[in-house]
Amino acid sequence: MMLNTLLPILLFAALALAVVGAFKRFAMWRRGKPAEVDWFGGLLAIPRRYMVDLHHVVARDKYIANTHVATAGGFVLAAVLAILVHGFGLHSAVLGYVLLAATALMFVGALFVAKRRFDPPARLSKGPWMRLPKSLLMFSASLFIATLPVAGILPAGFGGWLLAAILLVAITWGVSELFFGMTWGGPMKHAFAGALHLAWHRRAERFGGGRSTGLKALNLDDPQAPLGVEKPTDFTWNQLLGFDACVQCGKCEAACPAFAAGQPLNPKKLIQDMVVGLVGGSDAKFAGSPYPGKNIGEHSGGPHLPIVALDGKALVDAETLWSCTTCRACVEECPMMIEHVDAIVDMRRHLTLEKGATPNKGAEVLDNLIATDNPGGFAPGGRLNWAADLDLPVLADKRQCDVLFWVGDGAFDMRNQRTLRALVKVLKAAAVDFAVLGLEERDSGDVARRLGDEATFQQLAKRNIATLAQYTFKTIVTADPHSFHVLKNEYGALGGHYRVLHHSTYIEQLINAGDLNLGQHQNAAVTYHDPCYLGRYNGEYEAPRNVLNAIGIEVREMQRSGFRSRCCGGGGGAPITDIPGKQRIPDMRMVDIKETSAEIVAVGCPQCTLMLEGVVEPRPQVKDIAELVAEVLIEAAPKPSVKRQPAETSA
Amino acid sequence: MLHNTAQASPALNVVALVSVGAHPSSGRARRAEQDARAVELGLRLAGEQLEVLHAGDPQQPALRSYLGMGLQQLHVIEQPAQADVISALHDYLQDSDAQLILTGSQAETGEGSGMLPFLLAEQLGWPMVVGLTEVEHIGNGIAQVLQALPRGQRRRLKVRLPFIASLDNAAPAARQSAFGPARRGELLSHAAEANPDALLSESPLQPARPRPKRLKIITAKTGAERMKAATAKASGGGGQIIKGDSPEAGAEAIFKLLVDEGVLR
Ligand code: SF4
Ligand code: SF4
């Protein structure tokens, strides 16, 4: 019978093409720079990483999670069985029934895929992706019918040559999309590249519930080596593989504050542009939302061509890269666990370190960091002026302490000095054995690093590490999540390993230990804004809320809070590079805040404080957690049972 | 970044003289602000052909931040810290085919008298333009340049090559210095005889105090008047234009003014 002879040929031809495509694709990725991976262990870990880690992200959207399980599960089973049954001719009725069930499952899943595609949200890509549900339906339906005779439900040869011809066409369509489309660049590529991306991910620590958010250190040892990523092949090969895994679901786009603000950045398009660069060509085929304000089809690139042209157009415009606040919302949402921020910073490194093209105030801030150890260019001798009357213990005198209070550059800013003073008040009230570095402290290097100036970052970091090495302390406590993140997660690669706590975590510990005598805030309508570098970067969502609860505040949560918190717009040097958009990110965040009708927004970051306070009045008051705690501090009260109205102010 | 205000003329030999600066609030060594502007203008005029010259210590790391502007190399005439570098510079430049020498108005370290371009121009016998902001055009051995005057005014000058020009903060800001090129660029040192600075070795150095500003009394009542007072040209009514008089009469008038102003006693 015609089907029985042609189906095996068709299946094996499609498989052979898929294998050829796989090798070609693999060779493309390998054009990137070398990277150490666990080749075999990674492959073995794919099922667990897929079913646990990846599914954990996908499951946030129940609809698509279930759809994907049905479609992908059905497909994998159907494909294996189809090869056995129709490829090798194992015409057993049992296998036939299982294959029927698999194709039916896949068909149902594909119906839901089609439904989502009926009126797709803007974040989804169109183009070939609109074809995919049809291909899935075609594959599953035609295979289902072709399998009916095997299961003995229909007589062999049922329908005659006409049905056989129709089935052949449909199956050809199906296997083109689903077998070799997987390795030749169709929408199904995500399954092939995605699985291998899970196997050889650059941050394997992320799997199994781990967290890996510190930027990777750039090797500065070789003076002749060009720095950062100029061309697609300057990425490591597994970064390239990661870009190729993108399903164009646009979850990153929907979460990106810069995109929402109308700045010329769309993380999804950026990843797709990297794929264009990997393969070579133009972005004309991209079927999703463009970078706001930039037309599609005007940019092109290739594996060995510069990604950014400073005069004229290449693959990506520099301002796209400089719009990012490094808030990590995209990475958090990405079901394929793609690392957008790493890629953006890698390209920024090239622009700053090789081209000297950090936009707007970037160059000035970097010069200031080099010459004065603070981004504002203030005289370094004034670093402790904010505490002139507080008689703070300085580590250079004490040599050792329990808590090293890392002050940060808020020291030079009048607004954030209020927070710092409030925190000192709390530490003193709890009789903590603490000290500051005073004039020995330098900027942590956070902003330099996000602006791509790895050299200045490493300089600052090494000097800070050398300073810290002179003293004995148990814990570093800081009110600045950026310093916190850098000290905790990024100094390690340069030899600095510390126990670092955000002040909210430390205050929570003090409260739990009964070291603070606190009153209660009465009837305050308060919401809490999660700082990106505390929440998504370091997973601390609870401590700030617990502290607020402990002082009688019931947090009115914003819709976007916790790991979904929207950035204030202050990270990644974005206020310095200041790429124009249609609106400002802090204004958008303030709208989120106002929706809760809170009178106070509690914050835990000097950058958030400045960004949110920069929003024009009328708006809720912006107060740091330390200030809110200091307000209800009952200092040296004889009996803790005596309740007092919050009457004190923080300063 | 676009640097296309002046058309690069490849035949022009431009030399930028640079010194080691000091950051105003920390005092740390850095590229000197105005000298960096001289390099910037030089790069716009001559591109890769620009020669950048320093007299001093070739090991000084701050010099690398000039290289970071995209220079392949920087020439250093080796001089000890206290030396008077004028004659070393003069010897070097006289043997070169420099046509235009650019430098800052005043160094941020050392004596910082701002005399170097004048003394060098005198020794070379070249004209000297202060406050250069832009080179508009060069042809037939003559440069048409813009000179900065107070309050944003500009004066167009035609100067015969070769000449020396000093730049102040009105000249275009220097491009960013990048780490990669700064590290890869070469510091080429040239040996030269050292000349002790007689003045510096005899006289003690003391920190400068900012010159007291003359009080400007504004009696404006409305915002518009204040705006006018802030932006208008100083209209010293006593100004006097001397034209066509004998040099003696001119000198007489200048002398009288200096005595009246208390500059000479
Ligand atoms: S990068 Fe990730 S989140 Fe963004 S479209 Fe691709 S798969 Fe979706
Ligand atoms: S890190 Fe934030 S700003 Fe940058 S691309 Fe991702 S979502 Fe957008």
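Residues numbered from 1 in each chain as written. Chains lettered and ligands numbered in written order. Predicted model: local features only at pLDDT ≥ 70, side-chain atom pairs only at ≥ 80, totals over all residues. Heavy atoms only, no water.

**Observations regarding the overall build of chain B**
Turning to step 1, where the next piece is worked out: When helices and strands are tallied, chain B shows eight helices and eleven strands.
Turning to step 2, where the next piece is worked out: In terms of its C-alpha atoms, chain B occupies a principal-axis envelope of roughly 60 × 45 × 45 Å.
Turning to step 3, where the next piece is worked out: Counting all 265 residues of chain B, 36% fall into the buried class.
Turning to step 4, where the next piece is worked out: Restricting to contacts in chain B with at least 6 residues of sequence separation, those with at least 24 account for 69%.
Turning to step 5, where the next piece is worked out: On chain B, roughly 15900 Å² of surface is accessible, and the fraction owed to carbon and sulfur atoms is 53%.
Turning to step 6, where the next piece is worked out: Computed over 27 positive and 27 negative side-chain charges, the inter-centroid distance for chain B is 15 Å. (Helix = DSSP H or I, 4+ residues; strand = E, 2+ residues; numbered from the N terminus. Buried < 20%, exposed > 50% of the residue type's maximum accessible area, 1.4 Å probe, protein only. Contact = heavy atoms within 4.5 Å. Areas by Shrake-Rupley, 256 points an atom, 1.4 Å probe, with all protein chains shown as cover. Lys, Arg positive; Asp, Glu negative; His and termini not counted. Charge placed at Lys NZ, Arg CZ, Asp CG, Glu CD.)

**Some words on the side chain of A:Asn238**
Residues and elements named next belong to chain A.
Turning to step 1, where the next piece is worked out: By the element assignment, Asn238 lies in helix α8 (residues 237-244).
Turning to step 2, where the next piece is worked out: Among the polar contacts listed, one links the side chain of Asn238 to the side chain of Thr236, at a separation of 2.8 Å.
Turning to step 3, where the next piece is worked out: With sequence-adjacent residues up to four places away left out, Asn238 is seen in contact with Ala35, Val37, His197, Trp200, His201 and Arg202. (Polar contact = N/O pair within 3.5 Å; in protein donor to acceptor, adjacent residues only side chain to side chain.)

**A closer look at the site of ligand 1**
Turning to step 1, where the next piece is worked out: Taken together, 13 residues lie around ligand 1, and A:Cys246, A:Cys249, A:Gly250, A:Cys252 and A:Cys334 are the ones closest in.
Turning to step 2, where the next piece is worked out: When grouped by side-chain class, the residues that make up the shell around ligand 1 number eight nonpolar, three polar and two charged. (Near = heavy atom within 4 Å. Nonpolar A, V, L, I, M, F, W, Y, C, P; charged D, E, K, R; others polar.)

**Brief notes about the sheet that holds strand β4 (residues 51-56) of chain B**
All names here are of chain B.
Turning to step 1, where the next piece is worked out: Read from one edge of the open sheet, nine strands run β9-β8-β7-β10-β6-β1-β4-β5-β11, paired in mixed fashion. Strands with a single pairing partner mark the edges of an open sheet, and in this sheet they are β9 (154-160) and β11 (186-190). Ignoring strand direction, the axes of neighbouring strands in this sheet form an average angle of 35°.
Turning to step 2, where the next piece is worked out: Note: strand β5 (residues 73-78) against β11, five bridges, orientation parallel. When the sheet's bridge partners are listed, Gln73 is paired in β11 with Glu186.
Turning to step 3, where the next piece is worked out: In this fold helix α3 (residues 86-95) packs onto β1 (14-17), β4, β5, β6 (100-104) and β11, with an angle of close to 150° to the strand it touches most, β4.
Turning to step 4, where the next piece is worked out: Across the sheet, helix α4 (residues 116-124) lies against β1, β6, β7 (128-139) and β10 (163-167), angled at about 175° from β10, the strand it touches most. (Pairing = 2+ DSSP bridges. Axes fitted to C-alpha atoms, helices over the stretch in contact; angles between N-to-C directions.)

**What to know about the nonpolar core**
Residue and element names in this part refer to chain A.
Turning to step 1, where the next piece is worked out: One finds Phe75, Phe179, Phe235, Phe243, Ile307 and Met347 to be the most contacted residues of the largest nonpolar core, which totals 93 residues.
Turning to step 2, where the next piece is worked out: Broken down by element, this core gets its largest block of residues, eight residues, from helix α1 (residues 2-29).
Turning to step 3, where the next piece is worked out: Grouped together as the second largest cluster of nonpolar side chains are 63 residues, Leu404, Phe434, Phe484 and Leu633 included. (Core = buried A, V, L, I, M, F, W, Y, C linked by side-chain atoms within 4.5 Å.)

**Points about the site of ligand 2**
Turning to step 1, where the next piece is worked out: As a structural note, the neighbourhood of ligand 2 is formed by A:Cys256, A:Pro257, A:Leu265, A:Pro267, A:Cys324, A:Thr325, A:Thr326, A:Cys327, A:Arg328, A:Ala329, A:Cys330 and A:Val341.
Turning to step 2, where the next piece is worked out: Within the shell around ligand 2, the residues separate by chemical class into nine nonpolar, two polar and one charged.

**Concerning the interface of chain A and chain B**
Turning to step 1, where the next piece is worked out: On the chain B side, the residues contacting the 32 residues of chain A number 14 residues.
Turning to step 2, where the next piece is worked out: With both chains or domains summed, chain A and chain B bury close to 1600 Å², and 47% of this area falls on carbon and sulfur atoms.
Turning to step 3, where the next piece is worked out: Looking only at chain A, the three residues that lose the most surface to chain B are A:Pro223, A:Gly356 and A:Ala371, adding up to 27% of its buried area.
Turning to step 4, where the next piece is worked out: B:Arg28 is paired through a salt bridge with A:Asp373; the nearest N and O atoms lie 2.7 Å apart.
Turning to step 5, where the next piece is worked out: In this assembly, chain A and chain B are joined by twelve residue pairs in polar contact (both at pLDDT 80 or more).
Turning to step 6, where the next piece is worked out: Broken down by element, the residue count for the side of chain A that touches chain B peaks at seven residues, all from helix α15 (residues 362-372) of chain A.
Turning to step 7, where the next piece is worked out: Each residue belonging to the side of chain A that touches chain B can be placed in one class, and the counts come to 16 nonpolar, seven polar and nine charged. (Buried area = accessible area lost by both parts, 1.4 Å probe. Salt bridge = Lys/Arg side-chain N within 4 Å of Asp/Glu carboxyl O.)

**Concerning the pattern of salt bridges**
Residue and element names in this part refer to chain A.
Turning to step 1, where the next piece is worked out: As enumerated under the stated definition, the model contains 51 salt bridges over all chains in all.
Turning to step 2, where the next piece is worked out: Here Asp389 ties to Arg421 by a salt bridge, and the two come within 2.9 Å at their closest N and O atoms. Taken as a pair, Asp389 in the loop between α15 and α16 (395-398) and Arg421 in helix α17 (residues 414-429) lie far apart in primary sequence, 32 residues in all.
Turning to step 3, where the next piece is worked out: Exposure remark for Asp389: the relative accessible area of 55% places this residue in the exposed category.

**Regarding a nonpolar patch on the surface**
Residue and element names in this part refer to chain A.
Turning to step 1, where the next piece is worked out: A surface patch of nonpolar side chains, about 640 Å² in accessible area, is lined by Met2, Leu6, Ile9, Trp161, Leu162 and Ile166.
Turning to step 2, where the next piece is worked out: Elements with a minimum of two residues in the nonpolar patch: α1 and α6 (160-178).
Turning to step 3, where the next piece is worked out: Positionally, Leu6 belongs in helix α1. (Patch = residues over 30% accessible without salt bridge, like charges linked within 9 Å, V, L, I, M, F, W, Y side chains within 5 Å.)

**Some remarks on the domain arrangement of chain A**
For an interface, size is often stated in terms of accessible area lost upon the parts coming together.
All names here are of chain A.
Turning to step 1, where the next piece is worked out: Here the domain parsing of chain A yields domain 1 (2-199), domain 2 (229-353) and domain 3 (377-651).
Turning to step 2, where the next piece is worked out: Look at where the C-alpha atoms of domain 2 and domain 3 centre, and you get two points 32 Å apart.
Turning to step 3, where the next piece is worked out: With 26 residues of domain 2 in contact, the opposing surface of domain 3 contributes 28 residues.
Turning to step 4, where the next piece is worked out: In this structure, the connection of domain 2 to domain 3 is made through two salt bridges.
Turning to step 5, where the next piece is worked out: With a closest N to O distance of 2.5 Å, Glu333 and Arg564 form a salt bridge. (Domains from an automatic or database assignment.)

**What to know about helix α7 (residues 189-199) of chain A**
Residue and element names in this part refer to chain A.
Turning to step 1, where the next piece is worked out: Burial analysis of α7 places nine of its eleven residues in the buried class, the great majority of the element.
Turning to step 2, where the next piece is worked out: Looking only at α7, the buried set comprises Lys189, His190, Phe192, Ala193, Gly194, Leu196, His197, Leu198 and Ala199.
Turning to step 3, where the next piece is worked out: On the buried face of α7, the contacting elements are α1, α2 (39-58), α3 (62-87), α5 (128-147), α8 and α11 (267-279).

**Things to note about the packing of helix α21 (residues 503-512) of chain A against helix α22 (residues 542-550) of chain A**
All names here are of chain A.
Turning to step 1, where the next piece is worked out: Running from amino to carboxyl end, α21 crosses α22 at an angle of 45°, the nearest separation of the two axes being 8 Å. Put simply, α21 runs oblique to α22. Handedness of the α21/α22 crossing: left-handed. The segment α21 lies against α22, with Ser504, Thr505, Ile507, Glu508 and Ile511 engaging Ala543, Pro544, Asn546, Val547 and Ala550. (Parallel < 35°, antiparallel > 145°, perpendicular 65-115°, else oblique. Left-handed = near helix turned anticlockwise from the far one by under 90°.)

**Section: unusual backbone geometry**
Turning to step 1, where the next piece is worked out: In this structure, A:Pro618 follows A:Glu617 across a cis peptide bond, with omega equal to -5°.
Turning to step 2, where the next piece is worked out: For A:Pro618, the location among the structural elements is in the loop between α25 (606-613) and β9 (621-624).
Turning to step 3, where the next piece is worked out: Each neighbour pair has its own omega, and for B:Leu161 with B:Pro162 the value is -10°, a cis peptide bond.
Turning to step 4, where the next piece is worked out: Its location among the elements puts B:Pro162 in the loop between β9 and β10.

**Here we look at the side chain of A:His299**
All names here are of chain A.
Turning to step 1, where the next piece is worked out: Structurally, His299 is set in the loop between β1 (281-282) and β2 (300-301).
Turning to step 2, where the next piece is worked out: In this structure the side chain of His299 is engaged in a polar contact, spanning 3.0 Å, whose partner is the side chain of Asp317.
Turning to step 3, where the next piece is worked out: Contact partners of His299, with chain neighbours within four places excluded, come to Ser282, Asp283, Lys313, Ala314, Leu315, Val316 and Asp317.

**Focus: the packing of aromatic side chains**
Residues and elements named next belong to chain A.
Turning to step 1, where the next piece is worked out: On inspection of all chains with the given rule, the structure shows 19 aromatic pairs over all chains.
Turning to step 2, where the next piece is worked out: Aromatic side chains Phe378 and Phe412 sit 5.2 Å apart centroid to centroid with 10° between the ring planes, which places their arrangement in the stacked category. Within this pair, whereas Phe378 is found in the loop between α15 and α16, its partner Phe412 is found in the loop between β3 (400-406) and α17, the two being separated by 34 residues in sequence.
Turning to step 3, where the next piece is worked out: Residue classification places Phe378 among the partly exposed residues on the basis of a relative accessible area of 41%.
Turning to step 4, where the next piece is worked out: Note on Phe412: relative accessible area 15%, which makes it buried.
Turning to step 5, where the next piece is worked out: One aromatic cluster in this structure is built from Phe26, Trp29, Trp39, Phe192, Trp200 and Trp237.
Turning to step 6, where the next piece is worked out: Arg30 extends its terminal NZ or CZ atom over the ring of Trp237, reaching a point 4.9 Å from the ring centre.
Turning to step 7, where the next piece is worked out: One cation-aromatic arrangement involves Arg328 over Tyr537; the distance from NZ or CZ to the ring centre is 5.5 Å. (Phe/Tyr/Trp six-rings, centres within 6.5 Å; stacked < 30°, edge-to-face > 60°. Lys NZ or Arg CZ within 6 Å of the ring centre and 35° of its normal.)

**Re the sheet that holds β3(A)**
Residues and elements named next belong to chain A.
Turning to step 1, where the next piece is worked out: An order of β4-β3-β5-β6 is seen for the four strands of this open sheet, with the pairing classed as parallel. Edge positions in the open sheet fall to β4 (434-435) and β6 (500-502), since each of these has one partner strand only.
Turning to step 2, where the next piece is worked out: Inspection of the sheet shows β3 paired to β4 by two bridges, in the parallel sense. If you follow Val403 over to β4, its bridge partner there is Phe434.
Turning to step 3, where the next piece is worked out: With respect to the sheet, helix α20 (residues 481-490) is in contact with β3, β5 (472-478) and β6, its orientation differing from that of β6 by roughly 160°.

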